[in-house]
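Results of the structural survey
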Amino acid sequence: MRYYLVAGEASGDLHASNLMKELKTQDPTADFRFFGGDLMQAVGGTLVKHYREMAFMGVIPVLLHARTIINNMQLCREDIRAFRPDLVILIDYPGFNLKIAEFVKTRLQIPVYYYISPKIWAWKKYRIKAFRRYVDRMFCILPFEVDFYNSLNYSVDYVGNPSVDSMAAYCESKHLSPETVMSGNSKPVLAVLAGSRKAEIAQNLPLMLEVAACFPHYSTIIAGAPGLTPEDYKKYSAHYPDATIVFDQTYNILDHAEAALVTSGTATLETALFRVPQVVCYHVAGGWLVNFVFKRFFHVPYISLVNLIAGREVVKELFGAKFAKNEVFNELRNIVADDAYRGKMLAGYDEIIAKLGKPGASRRTAELIIKYMEK
């Protein structure tokens, strides 16, 4: 079959590439054409547009690059029309992908499948109308999303979580890994995961390092994010000579860590999968106003995937006015010094791991796509 995939950022490139590998296993005749990245290109097929030319986040960047976004949209539509795929697979990236779904479904009458749900359960619930009209099947990676969509009369498939797959792959290959900076550490490791974008590093890392410096009996290891450089971190870590920046070894860092300071996002879930007690902290301008708005106007009670999956508070979330040195310090002290507090968090992690299920998200998604197409 002929597949057209659209991924607009680095995480989408990763998940789409793994799905493509499984589709090739299920369908040896698979022919891929896509908007995506290097990982998808390595699997095979034709890369039409790299996500680096698409990933504009925030109101101002989107406005500044409006013409580029419109041109990318037009290119994608016309390229799909010319390629005439058997199906289109969209990966997250809703602002762009839902417009593509509408075009494909209404103008070309081609099946549209969506892998990895946008977070409409947190905000923009109105987007469910677009999914009902333009998306034939949704493949979700968070277990609570099934109940959410069912409550809106939209049937979805839970396929498992890619982070579970990634951790399983890491554990299988661990014995082949070379020695790392963590291996020779005489001190216990405090992992610092400050985000994946320059703005997040600028907003979160200084306070995280300030707190970490209050625990000199720990070795502070900063996990460098893909796409960033050591210079992006050193401007904030220069005053903390005991902090080490390590790239491309996030799982290795977590595997050796006894505690972690983590910004909200997939990193909180990965930290839980490694059973590392963590403080979830995230800078948001606005102080208590942000906390008030979140409590009153968001559809969910938590910001971290850990608590959302558990359905209760397993880890402390310090954002808005709560992202303060004394708050982060007190919570980190609790998880490193209070065995009962630490044990309760680890028990919560075990519940989450059980809910997520076994590895195989990409394989199950590929199997379902083939099944639905055969029907």
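To be clear, the structure that these remarks concern was listed above.
What you see is a predicted model; the values in this text were computed from it and never measured. (Residues numbered from 1 in each chain as written. Predicted model: local features only at pLDDT ≥ 70, side-chain atom pairs only at ≥ 80, totals over all residues. Heavy atoms only, no water.)

1. A few points about the overall build of the protein chain
Condition: Secondary structure follows DSSP: runs of H or I at least 4 residues long count as helices, runs of E at least 2 residues long count as strands, and numbering of each begins at the N terminus. Burial classes follow relative accessibility: with a 1.4 Å probe on protein chains only, a residue under 20% of its type's maximum area counts as buried, one over 50% as exposed, and anything between as partly exposed. Should any heavy atoms of two residues lie within 4.5 Å, those residues are counted as being in contact. Every accessible area reported is derived by Shrake-Rupley at a probe size of 1.4 Å, with residue values counting cover from the shown protein chains alone.
Along the protein chain, the regular secondary structure elements total 17 helices and 13 strands. Taken across its 375 residues, the protein chain has 50% of its residues classed as buried. Within the protein chain, contacts between residues separated by at least 24 positions form 65% of all contacts whose residues are at least 6 apart in sequence. Put simply, the protein chain shows about 17400 Å² of open surface, and 53% of that area lies on carbon and sulfur atoms.

2. Some words on the nonpolar core
Quick reminder of the rule: As used in this record, nonpolar core signifies buried Ala, Val, Leu, Ile, Met, Phe, Trp, Tyr and Cys residues forming a set joined through side-chain atoms within 4.5 Å.
If you look at the biggest cluster of nonpolar residues, it comprises 126 residues, and the most contacted ones within it are Tyr 3, Leu 5, Ile 89, Tyr 115, Phe 131 and Tyr 149. Dropping the residues within four chain positions of it, Phe 131 is found in contact with Leu 98, Tyr 114, Pro 118, Ile 120, Met 138, Tyr 149 and Tyr 154.

3. Looking at the side chain of His 15
Tracing the sequence through the fold places His 15 in helix 1 (residues 10-26). What His 15 contacts, discounting residues up to four positions off in sequence, is Tyr 115, Ile 116 and Pro 162.

4. Topic: the packing of helix 1 against helix 17 (residues 361-374)
Formally: The axes used here are C-alpha line fits, helices contributing only the stretch in contact, and every angle between their N-to-C directions lies in the interval 0 to 180 degrees. Roughly parallel here means an angle under 35 degrees, roughly antiparallel means over 145, roughly perpendicular means 65 to 115, and every remaining angle is called oblique. In this scheme the handedness of a crossing depends on how the near helix is turned from the far one: anticlockwise by less than a right angle means left-handed, clockwise means right-handed. Residues are grouped as follows: nonpolar covers Ala, Val, Leu, Ile, Met, Phe, Trp, Tyr, Cys and Pro; charged covers Asp, Glu, Lys and Arg; every other residue, Gly included, is treated as polar.
Across the interface, helix 1 lies against helix 17 with an axial gap of 8 Å and an inter-helix angle of 50°. Classed by the angle they form, the pair helix 1 and helix 17 counts as oblique. Relative to helix 17, helix 1 is oriented so that their crossing is right-handed. Two secondary-structure elements touch here, helix 1 through Asn 18, Leu 19, Glu 22, Leu 23 and Gln 26 and helix 17 through Ser 362, Arg 363, Thr 365, Ala 366, Glu 367, Ile 369 and Ile 370. Across the contact of helix 1 with helix 17, the residue classes tally to five nonpolar, four polar and three charged.

5. Considering the packing of aromatic side chains
Worth spelling out the cut-off: Any pair of Phe, Tyr and Trp rings, taking the six-membered ring for Trp, is counted once the centres come within 6.5 Å. Such a pair is stacked with planes under 30 degrees apart, edge-to-face with planes over 60 apart, and tilted for the rest. Two thresholds decide whether a charge sits over a ring: the Lys NZ or Arg CZ must be within 6 Å of the ring centre and within 35 degrees of the ring normal.
Counted by the stated rule, this structure contains 17 aromatic pairs. An aromatic cluster is built from Tyr 114, Phe 131, Phe 148, Tyr 149 and Tyr 154, whose rings are joined through pairwise contacts. Seen from the ring of Phe 83, Arg 2 lies directly overhead, with NZ or CZ sitting 4.1 Å from the centre.

6. Structural notes on the pairing of strand 10 (residues 244-247)
Heads up, the rule is: By definition, two strands form a pair when at least two bridges between them are found by DSSP. Note on handedness: a crossover is taken as right-handed if, strands pointing away from the viewer, the path from the first strand over the helix to the second is clockwise.
Note that strand 9 (residues 219-224) and strand 10 share four bridges and pair parallel. Looking across to strand 10, one finds that Ile 222 is bridged to Ile 245. Viewed along the sheet, the connection from strand 9 through helix 10 (residues 230-237) into strand 10 turns out right-handed.

7. Thoughts on the pattern of salt bridges
The condition is simple: Just to be clear on terms, a salt bridge is a Lys or Arg side-chain nitrogen sitting within 4 Å of an Asp or Glu carboxyl oxygen.
According to the stated counting rule, one finds 12 salt bridges in the structure shown. Linking Arg 312 and Glu 351 is a salt bridge whose minimum nitrogen-to-oxygen distance equals 3.0 Å. Taken together, the residues span a long stretch of sequence, with Arg 312 in the loop between helix 14 (305-310) and strand 13 (317-319) and Glu 351 in helix 16 (residues 339-356) at a distance of 39 residues. Classification of Arg 312 as partly exposed rests on a relative accessible area of 30%. Accessibility expressed as a relative area gives 39% for Glu 351, which makes it partly exposed.

8. Brief notes about the sheet that holds strand 4 (residues 87-91)
One open sheet accounts for seven strands, arranged 3-2-1-4-5-6-7; its pairing is parallel. Two strands in the sheet have a free side with no partner beyond their single neighbour: strand 3 (46-50) and strand 7 (157-158). Sheet topology places strand 6 (residues 137-140) next to strand 7; two bridges connect them, and they run parallel. Across the sheet, residue Phe 139 finds its bridge partner in strand 7, namely Asp 157.

9. Looking at helix 7 (residues 144-151)
The criterion, for reference: The arc in question is formed by the directions pointing from the helix axis toward the C-beta atoms.
The complete set of buried residues in helix 7 reads Phe 144, Glu 145, Phe 148 and Tyr 149. Taken around the axis of helix 7, the buried residues stretch over an arc of 130°, which confines them to a single face. Opposite the buried face of helix 7, at more than 90 degrees from it, the exposed residues are Asp 147 and Ser 151. Buried residues belonging to helix 7 abut helix 6 (128-134), strand 6 and helix 14. Directly beyond the C-terminal end of helix 7, a positive phi value near 60° is found at Asn 153.

By themselves, these are just geometric observations and shouldn't be taken as functional.
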